[in-house]
Every structure is written in structure tokens, then in C-alpha cells.
Amino acid sequence: QMRLVESGGGSVEAGGSLRLSCTASGDQFEDYSMGWFRQGPGKEREFVAAINWNGATILTSDSVKGRFTISRDNAKNTVDLQTTTLKPEDTAVYICGAYSGNIQSMTRGATNYSGLGTQVTVSS
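Quick caveat, the model's predicted, so the values are computed rather than measured.

(A) Spotlight on the sheet that holds strand E8 (residues 78–83). Read from one edge to the other, the open sheet built from 4 strands follows the order E1-E3-E8-E7, with strand pairing classed as antiparallel. Across the chains shown, the open sheet's two edge strands, defined by having one partner strand only, are strand E1 (2–7) and strand E7 (68–73). Averaged over all adjacent pairs, the angle separating strand axes in this sheet is 15 degrees, with direction ignored. Pairing geometry for E1 and strand E3 (residues 18–26), over 6 bridges, is antiparallel. For Val-5, the partnering residue across the bridge sits in E3 and is Thr-23.

In C-alpha cells, the structure reads:
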């Protein structure tokens, strides 16, 4: 079992930045690839970014490439998402996920565990 708790969300103006953080507890953190997903109002959950256990493999969706950066600290059991140049269409609940299988599957939404999410609201 793994518990994931997100933090760092908030309300910003377009062009602003936020650093989201996810803290894991329970299972061995290094056994999992970690990822971020988001679900906007009236939309399905979509993949944002994922990172494998040692950071050697990073996957990022085209919609955020060049603006968002995922990183992890295995000593602290955390995975962060640095967001920059935020746009109103980035408004969503951002959800942290952990997956023990092939990291590529996270781009299709695969997770073993997910957090409750943190709200990001971007105003124009």
C-alpha cells in the first residue's frame, strides 16, 4: 500500500508558476515510477508527466512540454511538478500517481495508487 498526498496548488494569473509536491508513504518509493495527471472541469483525467525510479526516463505530454518539469527525491519520498508559464487551460485538479509497471503505461493513465489531488486555478 502507498499513500500519496499532494500540495502546492493555488490560484495564479496566466504566465505565473506553481510548484506542486507529492509525498509518498507506505511502500518502497523506489519500486514505483511516479507521475502527475490532471482533471479539468468537465474533462477526463489526462496524463501530464512521469518519471521512472531513478529519473533516467521522463515522459511529458505535448500540452505541457517546455513549461512543466517533473522531478523526484528518493531520499524524501517526494515527486514534484514545477509549472511555469501557466495558461487558463491548465486549470485542473492535479493528481499524483504511482505505478509499478512499465512507465509508458502511465501515459495511458495506469496507476497502482493515486492521491486526492490539489487544485490549480489559472486566471486570464
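On we go.
(B) Spotlight on the pattern of salt bridges. Inspection of every chain in the model, using the stated rule, returns 5 salt bridges. Residue Asp-62 is joined to Lys-65 by a salt bridge in which the shortest nitrogen-to-oxygen separation is 3.4 Å. Of the residues examined, Lys-65 reaches a relative accessible area of 51% and is grouped as exposed. Residues joined by salt bridges that share partners form a network here, namely Arg-38, Glu-46, Arg-67 and Asp-90.

Conventions used here
Here, residues in each chain are numbered from 1, in the same order as that chain's written sequence. Local features in a predicted model are, by the rule used here, given only for residues with pLDDT of at least 70; side-chain atom pairs are given and counted only at 80 or more, and totals for whole chains, interfaces and linings are based on all residues. Water and hydrogen atoms were dropped before computing side-chain values, which therefore reflect all heavy atoms in the structure. Here a strand pair is declared whenever DSSP counts at least two bridges between the two strands. A helix here means a DSSP run of H or I that spans at least four residues, while a strand means a run of E at least two residues long, and both kinds are numbered starting from the N terminus. Helix axes are fitted to C-alpha atoms over the stretch in contact, other axes to C-alpha atoms as well, and angles between N-to-C directions run from 0 to 180 degrees. One speaks of a salt bridge when a side-chain nitrogen belonging to Lys or Arg is within 4 Å of a carboxyl oxygen belonging to Asp or Glu. Relative accessible area decides the class of each residue, using a 1.4 Å probe on protein chains only: under 20% of the type maximum gives buried, over 50% gives exposed, and in between gives partly exposed.

Function cannot be read off these values alone, since they describe shape.
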